Amino acid sequence: MNLRDCVKDKKRIVIKVGSSSLQHKETGGLDYIKLEVLVREICNLRNMGKEVVLVSSGAIAVGKRAVHLGKDDDPIAVKQACAAIGQARLMMTYQKIFSEYNHVCAQILMTKNTIVDPLNRFNAHNTFSELLKLGVVPIVNENDTVATYEIKFGDNDTLSAIVAALIDADLLILLSDIDGLYTDDPNKNKDAKFISVVDELTDDLMQMGKASTGSNVGTGGMNTKLQAAKIATVAGADMIIANADDMRIIHRIMDGREYGTFFKAHKDENFYLADYVENMGH
């Protein structure tokens, strides 16, 4: 069976969308057309009987816009205040659009402690399981309002892979501002070759993820995406990096078509999520 064909049979899917993919570049305002298509795609997957978790960035950016702050590098307290404002607005927008398609979404905010603490992790796992059983779409973000450096995941690429590992997802789709993995940064090197399938994450590949990203809105470059691939694949999930320009790419990927870079799962029975999260950044 073709690798891409097996995507059709995936039952539990985590989709991650970055803040730069949800905003208009010129103003930082939410791109409602993109949001609407994203939600419609997810509702359609739900209607096919699949379980979907959405990891969505964008809270700080939405909050900043609400209180008319510019794009400057703000102190942490300002960012946290903006996250509090923006997260509520973002969820309100999601709920509104999901309800138009007769689906229910729920909010889950996480920090490292959610995973590292055994009781927290157990409870988080149960909450996800129950929501999915009820046919609800959990929408996950980092709890930026209270998270300090010590308890932050740092970016939602990593967070989405951790969520995929926590809930035993069989597919993680990272939607970003690039088509997938290249042999070099395609913005700087016109000879960079596109890589369609990654069978195994070698050290050479990991080196290629030198922090390069075309966006000043998101926090993660290719480096964080490869780190995410490492977590997801050892946890037993296939992963695809694809371009968020057109959100309809989701059903095209789910149809088994060749979009993005496909990272093949290599489940490692010795992988222990809590240990990994605890040692992040050390």
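This section reports on the structure supplied with the text.

Calculation criteria
- Residues numbered from 1 in each chain as written.
- Predicted model: local features only at pLDDT ≥ 70, side-chain atom pairs only at ≥ 80, totals over all residues.
- Heavy atoms only, no water.
- Helix = DSSP H or I, 4+ residues; strand = E, 2+ residues; numbered from the N terminus.
- Buried < 20%, exposed > 50% of the residue type's maximum accessible area, 1.4 Å probe, protein only.
- Contact = heavy atoms within 4.5 Å.
- Areas by Shrake-Rupley, 256 points an atom, 1.4 Å probe, with all protein chains shown as cover.
- Lys, Arg positive; Asp, Glu negative; His and termini not counted.
- Charge placed at Lys NZ, Arg CZ, Asp CG, Glu CD.
- Salt bridge = Lys/Arg side-chain N within 4 Å of Asp/Glu carboxyl O.
- Polar contact = N/O pair within 3.5 Å; in protein donor to acceptor, adjacent residues only side chain to side chain.
- Pairing = 2+ DSSP bridges.
- Expected span 1.5 Å × (residues − 1).
- Patch = residues over 30% accessible without salt bridge, like charges linked within 9 Å, V, L, I, M, F, W, Y side chains within 5 Å.
- Axes fitted to C-alpha atoms, helices over the stretch in contact; angles between N-to-C directions.

## Details of the overall build of the protein
Working step 1: Regarding its fold elements, the protein presents 11 helices and 10 strands.
Working step 2: Over its C-alpha atoms, taken along the principal directions, the protein stretches across nearly 50 × 45 × 40 Å.
Working step 3: Across the 282 residues that make up the protein, the buried fraction comes to 52%.
Working step 4: Across the protein, every contact between residues at least 6 apart in sequence was considered, and the portion connecting residues at least 24 apart equals 74%.
Working step 5: As displayed, the protein offers around 13,500 Å² of accessible surface, 50% of which is attributable to carbon and sulfur atoms.
Working step 6: Within the protein, one finds 32 positive and 38 negative side-chain charges whose respective centroids are separated by 4 Å.

## What about the side chain of glutamate 142?
Working step 1: Considering the arrangement of structural elements, one finds glutamate 142 in strand 4 (residues 137–142).
Working step 2: Lacking a salt bridge, the buried glutamate 142 has lysine 152 as its closest oppositely charged neighbour, with an N-O distance of 4.4 Å.
Working step 3: One polar contact links the side chain of glutamate 142 to the main-chain amide nitrogen of phenylalanine 153, over a distance of 2.6 Å.

## Looking at the pairing of strand 9 (residues 238–243)
Working step 1: Judged by how many residues are buried, strand 9 sits mostly within the fold: six of six residues are covered.
Working step 2: Burial along strand 9 is two-sided: Asp238, Ile240 and Ala242 facing one way and Met239, Ile241 and Asn243 facing the other are all buried.
Working step 3: Of the strand pairs in this sheet, strand 5 (residues 171–176) and strand 9 are connected by six bridges, and their pairing is parallel. Across the sheet, leucine 171 pairs through a bridge with aspartate 238, a residue of strand 9.
Working step 4: Where strand 9 meets strand 10 (residues 261–263), three bridges bridge the pair, whose relative direction is antiparallel. Of the residues in strand 10, the one forming a bridge with methionine 239 is phenylalanine 263.

## A few points about the environment of serine 129
Working step 1: As for its placement among the helices and strands, serine 129 is situated in helix 6 (residues 118–133).
Working step 2: Note on serine 129: relative accessible area 22%, which makes it partly exposed.
Working step 3: Placed 78 residues apart in sequence, serine 129 and glutamate 51 show a C-alpha to C-alpha distance of 10.0 Å.

## Details of the environment of aspartate 204
Working step 1: Within the secondary structure, aspartate 204 sits in helix 8 (residues 203–208).
Working step 2: Residue class for aspartate 204 comes out exposed when judged on its relative accessible area of 62%.

## Concerning helix 2 (residues 32–47)
Working step 1: Here helix 2 spans 22 Å end to end across 16 residues, near enough to the 22 Å set by a 1.5 Å rise per residue.
Working step 2: Those residues of helix 2 that sit buried are Lys34, Leu35, Val37, Leu38, Val39, Glu41, Ile42, Cys43, Leu45 and Arg46.
Working step 3: If you follow the buried residues of helix 2, they end up packed against strand 1 (12–17), helix 1 (19–22), strand 2 (51–56), helix 4 (76–100), strand 4 and helix 10 (249–254).
Working step 4: Among the residues trailing helix 2, glycine 49 stands out with phi positive, at a value near 90°.

## Points about a nonpolar patch on the surface
Working step 1: A contiguous nonpolar surface patch, about 210 Å² in accessible area, is contributed by Val67, Leu69 and Ile85.
Working step 2: With respect to the helices and strands, the residue leucine 69 is situated in the loop between helix 3 (59–66) and helix 4.
Working step 3: For leucine 69, a relative accessible area of 36% corresponds to the partly exposed category.

## As for the sheet that holds strand 4
Each strand in a sheet pairs with its neighbour through backbone hydrogen bonds, running either in the same direction (parallel) or in the opposite one (antiparallel).
Working step 1: Across the sheet, which stays open at both edges, the eight strands sit in the order 3-4-2-1-5-9-10-8 with mixed pairing between neighbours. For this open sheet the edge positions go to strand 3 (105–110) and strand 8 (197–198), each flanked by a neighbour on one side alone.
Working step 2: Sheet analysis places strand 1 next to strand 5, joined by five bridges and oriented parallel. The residue bridging valine 14 from the neighbouring strand is leucine 172, located in strand 5.
Working step 3: In the packing of helix 2 onto the sheet, the strands contacted are strand 1, strand 2 and strand 4, and the crossing angle to strand 2 comes to about 155°.

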